[in-house]
Amino acid sequence: MSTFSAIGEDVERDRNEYTPGLEPQPTWCPGCGDFGVLKALKGAAAELGLSPEEMLVCTGIGCSGKLNSYFESYGFHTIHGRSLPIARAAKLANPGLTVVAAGGDGDGYGIGGNHFAHSARENHDMTYIVFNNEIFGLTKGQTSPTSPKGHKSKTQPHGSAKDPIRPLSQSLTAGASYIARTAAVNPNQAKDIIVEAIEHDGFSHIDFLTQCPTWNKDAKQYVPYIDINDSDDYEFDRTDRSEASEMMYETETVLHEGTVLTGRYYVDEERPSYTQEKQAIGEMPDEPLAERYFDDDYEWERVYDTFLDRHK
Amino acid sequence: MTTDELIWRIAGGSGDGIASTSQNFAKALMRSGLHVFTHRHYPSRIRGGHTYTEVRVSADPIRSRGDGYNFLLALGDSFARNPKEGAYYGNEEVKPLAENLDDLRDGGVIVYDSGLLDTDDIPDFDERVEEHGWHVYDIDLRSIAREHGREVMRNTAGVAVTCAIAGIEPQAIKSLMDDTMPEKVFEPNMSVFDDAYDVVTEEYDADAPDVSVPTGSHDEEQVLISGSDAIAYGALDEGCRFIAGYPMTPWTEVFTIMSQNLPEVGGISEQVEDEIAAAALAIGASHAGVKAMSGSSGGGFALMSEPLGLAEMTETPVVLIEAMRAGPSTGMPTKTEQGDLEHVLYTSQGDSHRVVFAPADAEEAYRQTRRAFRIAYEYQLPSIILYDQKNGGELQNVPASVFDEEPNPDLGSVLTEAELADAPHDASGKFNRFQYDVEGDVSPRSIPGQEGGRYLATGNEHMPAGHISEDPENRVNQVNRRMSKMDTIRKELDGDDGERNFHYGPADADYGIMTFGSQQGTAAEAVDTLNEAGESVKLLGVSELAPYPVDEVAGFIESVEEVLVVEMNASAQFRGLTQKELGRFGEKLSSLLKYNGNPFEPGEIVEGFRTSIVEDGTLPGHETKFVPAAGD
Ligand SMILES: Cc1ncc(C[n+]2csc(CCOP(=O)(O)OP(=O)(O)O)c2C)c(N)n1
Ligand code: SF4
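In this text the structure is predicted, and so the values were computed from the model without any measurement. (Residues numbered from 1 in each chain as written. Chains lettered and ligands numbered in written order. Predicted model: local features only at pLDDT ≥ 70, side-chain atom pairs only at ≥ 80, totals over all residues. Heavy atoms only, no water.)

### Some thoughts on a negative patch on the surface
Here comes step 1: A grouping of D118(B), D120(B), D121(B), D124(B), D126(B), E127(B) and E130(B) is seen on the molecular surface, where their side chains present a negatively charged patch.
Here comes step 2: Tracing the backbone through its elements, the reader meets D121(B) in the loop between strand 5 (104–113) and helix 3 (125–132). (Patch = residues over 30% accessible without salt bridge, like charges linked within 9 Å, V, L, I, M, F, W, Y side chains within 5 Å. Areas by Shrake-Rupley, 256 points an atom, 1.4 Å probe, with all protein chains shown as cover. Salt bridge = Lys/Arg side-chain N within 4 Å of Asp/Glu carboxyl O. Lys, Arg positive; Asp, Glu negative; His and termini not counted. Charge placed at Lys NZ, Arg CZ, Asp CG, Glu CD. Helix = DSSP H or I, 4+ residues; strand = E, 2+ residues; numbered from the N terminus.)

### Some thoughts on the site of ligand 2
Here comes step 1: Every residue lining ligand 2 is accounted for by W28(A), C29(A), C32(A), C63(A), N133(A), C212(A), P213(A), T214(A) and W215(A).
Here comes step 2: In terms of residue class, the shell around ligand 2 is made up of seven nonpolar, two polar and no charged. (Near = heavy atom within 4 Å. Nonpolar A, V, L, I, M, F, W, Y, C, P; charged D, E, K, R; others polar.)

### Concerning unusual backbone geometry
All names here are of chain B.
Here comes step 1: Note that the residue after T249, namely P250, is joined by a cis bond; omega there is 0°.
Here comes step 2: Here P250 is to be found in the loop between strand 8 (242–245) and helix 9 (252–261).
Here comes step 3: For the peptide bond that leads from G327 to P328, omega is -5°, which places it in the cis range.
Here comes step 4: Counting through the fold element by element, P328 comes out in the loop between strand 11 (318–324) and helix 13 (341–346).

### Quick look at the packing of aromatic side chains
Here comes step 1: Across all of its chains, the model carries 23 aromatic pairs over all chains by this definition.
Here comes step 2: The interplanar angle of 90° and the centroid separation of 4.9 Å between the aromatic rings of W28(A) and Y70(A) together place this pair among those described as edge-to-face. Here Y70(A) lies in helix 2 (residues 67–70) and W28(A) lies in the segment before helix 1 (34–48), a separation of 42 residues in the sequence.
Here comes step 3: Accessibility expressed as a relative area gives 8% for W28(A), which makes it buried.
Here comes step 4: Assessed through its relative accessible area of 4%, Y70(A) is described here as buried.
Here comes step 5: Judged by centre distance (5.7 Å) and plane angle (75°), the ring pair of F434(B) and Y455(B) falls under edge-to-face. Residue F434(B) is located in the loop between helix 16 (417–422) and strand 15 (456–458), and its partner Y455(B) is located in the loop between helix 16 and strand 15; the two are separated by 21 residues in the primary sequence. (Phe/Tyr/Trp six-rings, centres within 6.5 Å; stacked < 30°, edge-to-face > 60°. Buried < 20%, exposed > 50% of the residue type's maximum accessible area, 1.4 Å probe, protein only.)

### A word on the site of ligand 1
Here comes step 1: Around ligand 1, the surrounding shell holds 17 residues, and the nearest of these are C63(A), D107(A), N133(A), G137(A) and L138(A).
Here comes step 2: The environment of ligand 1 is shared, with nearby residues belonging to chains A and B.
Here comes step 3: The separation between an oxygen atom of ligand 1 and a polar main-chain atom of C63(A) is 2.8 Å.
Here comes step 4: Summarising the interface, the protein chains cover 77% of the accessible area of ligand 1, which totals 590 Å² for the free molecule.
Here comes step 5: In terms of residue count, the dominant contributor to the shell around ligand 1 is helix 4 (residues 105–111) of chain A (four residues). (Polar contact = N/O pair within 3.5 Å; in protein donor to acceptor, adjacent residues only side chain to side chain.)

### Remarks on the sheet that holds strand 1 (residues 55–59) of chain A
Here comes step 1: Here we have nine strands laid out as an open sheet, ordered 7(A)-8(A)-5(A)-6(A)-4(A)-3(A)-1(A)-2(A)-15(B), and mixed in their pairing. Because the sheet does not close on itself, it has two edges, and the strands there are strand 7 (225–227) of chain A together with strand 15 of chain B. Going across the sheet, the axis of each strand differs from the next one's by a mean of 20°, ignoring polarity.
Here comes step 2: Pairing geometry for strand 4 (residues 126–132) of chain A and strand 6 (residues 203–209) of chain A, over seven bridges, is parallel. For F131(A), the partnering residue across the bridge sits in strand 6 of chain A and is F208(A).
Here comes step 3: Packed on one face of the sheet, helix 8 (residues 241–255) of chain A meets strand 5 (178–183), strand 6 and strand 8 (260–267) of chain A and runs near 160° to strand 8 of chain A. (Pairing = 2+ DSSP bridges. Axes fitted to C-alpha atoms, helices over the stretch in contact; angles between N-to-C directions. Contact = heavy atoms within 4.5 Å.)

See the structure below:
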């Protein structure tokens, strides 16, 4: 069976392999943080030696959603907020795939917030990158769920009356088993985090700070950041829920005061992934389902033989 | 009154075991060689409320619930009582009797649980009994049940009484109970059964009523199947191994049956956060190479509008189920209607398309579900099974051989890696998954993980390799290709003879009746009655709605003077669809509509046809409504 031979190839890779050979050139604005995500993802994929054809990158809608237009792999550019349910199912159908989902803060924390909570809760084995630019980019600069309180935009002319959401804390509460924040201004840290996230067996959430020079010139995303994992001032046990939670709370408070803390916040290596849980209770086959359709020797069950007796 | 059929209505409260008891009763009679058909009526509440199930039994094939009924088993509504003696939730106490008398035929039988119900509470009861010639059996089923087992076994006592009165061989029921009950429960149930049976034969004149069960035999083995069972089984046989859903009545039945059976065949079922996610998961699984489905009822299907469009734009095969109930909004959750036709045909933005099947009964549901998968995967677009609360929950006997079919795990238009190596790629090395100059307008796809199949699927308009593009020429080419798939499918479904739907009655009839989906069997019975009474009518039951069978329907309408379009909604959606698709015939089509939450009975269609078409009169209008032809 040579069905999915791209899966599991172990070859040394160059980051340029993930650049589409022809157009399209990214249509992002000059200086956009989204370039940083693209670069970090290419670096991570190369470091992991992943074949472009064993990767499925699912995105939502927004400037961020164009990621898979400029990253060479299998891609599914879905609809606003819905990258996660599509990515999740693809992983269930074929656990051999490396599945990455991505979208903006509006896409992921706003319209797709429900899917975010549930994907984290279920601990699907996949990586979720949220391009957090604290603004709606593609629709031209409206206030987003991560925009700071008081943020003025054409749709919030008097300044937002809402506190921004706390994505790291939310994700911890929801149940993600790997949680990190990184920033486009440091593609090296970002790359390392993506590598870890993809290698992690469970739902990895990366809140990726991306600057939007076009609509959000004041954002903290430009400010130099502190890597909490390198700084002695921020010692905590990142496998401990409550210590991680405290750090996240502090981080998300100071973020809007202009101090940007990045790094790994929470890693739970113990918790089984959703695939493992489903297999353990007998609700998912051990072999990838998708392979069965290409296996000429597989004996397909018929209702007539299997279930019909119940109705006689 | 007739004795060639029994229509047995068991009434009580939700939670009283009405559904399981009637199911066993129907199955026992099917095993003894009869044809059976059940009809469910239940309220949107968990306990109490007025619930009944009818089991129609005949020596000949049956296609509907029939008109009225001739045997009432009224159980007390034990769950509607709260623990304080005598107190009821709401005013349910006499309903199992009082609510059910209107449709009981003359000469029919009433058995009621005198341990829980009192006829003194019903005004005019004795007068009505007298007037209609009903035979009344007041039997304290509760005491019999308590004495030999537990109070919940009142059902068994009631079934035993039915057997004694209607002349049903007790062994038929007993052996089925033996098959389905654990021994500890079976023994006391048998005692209850025997005692209740003896009470009738010893204390009552069981020969008096003119109600008895016919005898019959089947040529081949039968199974008792609901529309929901049949949809689930069609999906399984067609190789569907992934379902994602969110509960909503009445779609929950299909979802439940799939969830219970899928693990056994190594498939995956996911109950997810909402219906948008559900449809999106089905799309994700299908994209990754698994046959997948999702579904809902009206409100949940509304949420699926967006993923539905995505499936069309990305040409991802998917099968969605829509189980209609009365709307708009949450409407009447447990009541049937055919009001989501336009919703299902037209929801989602842009020039979007889907294939829509509307099975009439369990057998069609099985076949059409299989076809829906085959079309979806061959042509890479969404297919929808549109059915309703009525045919989802009806049980009927179907020859077991209907299901004796080969499985079909074929993913349709998917290339192997060897084929991908020879397939066209763009200069970047991406596979041209969305080419437009392809045969049959279907551009074959690859599955993530396949070597040489890399592409971008996107809900934006895109070039052959998937790159997002607003290039006008590419846009027109892609739209034309996606749209013309519907024409190809129409040709395939039309087949050689062009008769893909259900034709019934004399070909040269003067008048026509047209209907779709679950009303087909009822309308067929009405056509029989009308023709026996000297009218000249034929039926066209349309169960493939999109692409619409234009030529077949036009031929039917042309061949008659006038057509009565029968459907369960208030805005004549099927008639509207027919006129839109055919672009004419406004003056030939009149409508008979029903939208009170209950399906048509054959007699209502007979009456509607006579009054409105033959006599040119007006219907009384409270149950069914007549809307004349546009030319009138
Ligand atoms: C259902 C739906 N609602 C609204 C839109 C319009 N829309 C497109 S992108 C977007 C916001 C994007 O913001 P964000 O997710 O933060 O991503 P960014 O563009 O900043 O990367 C909106 C509202 C849409 N495409 N679909
Ligand atoms: S609008 Fe903002 S987010 Fe979008 S491409 Fe331009 S800079 Fe980037």
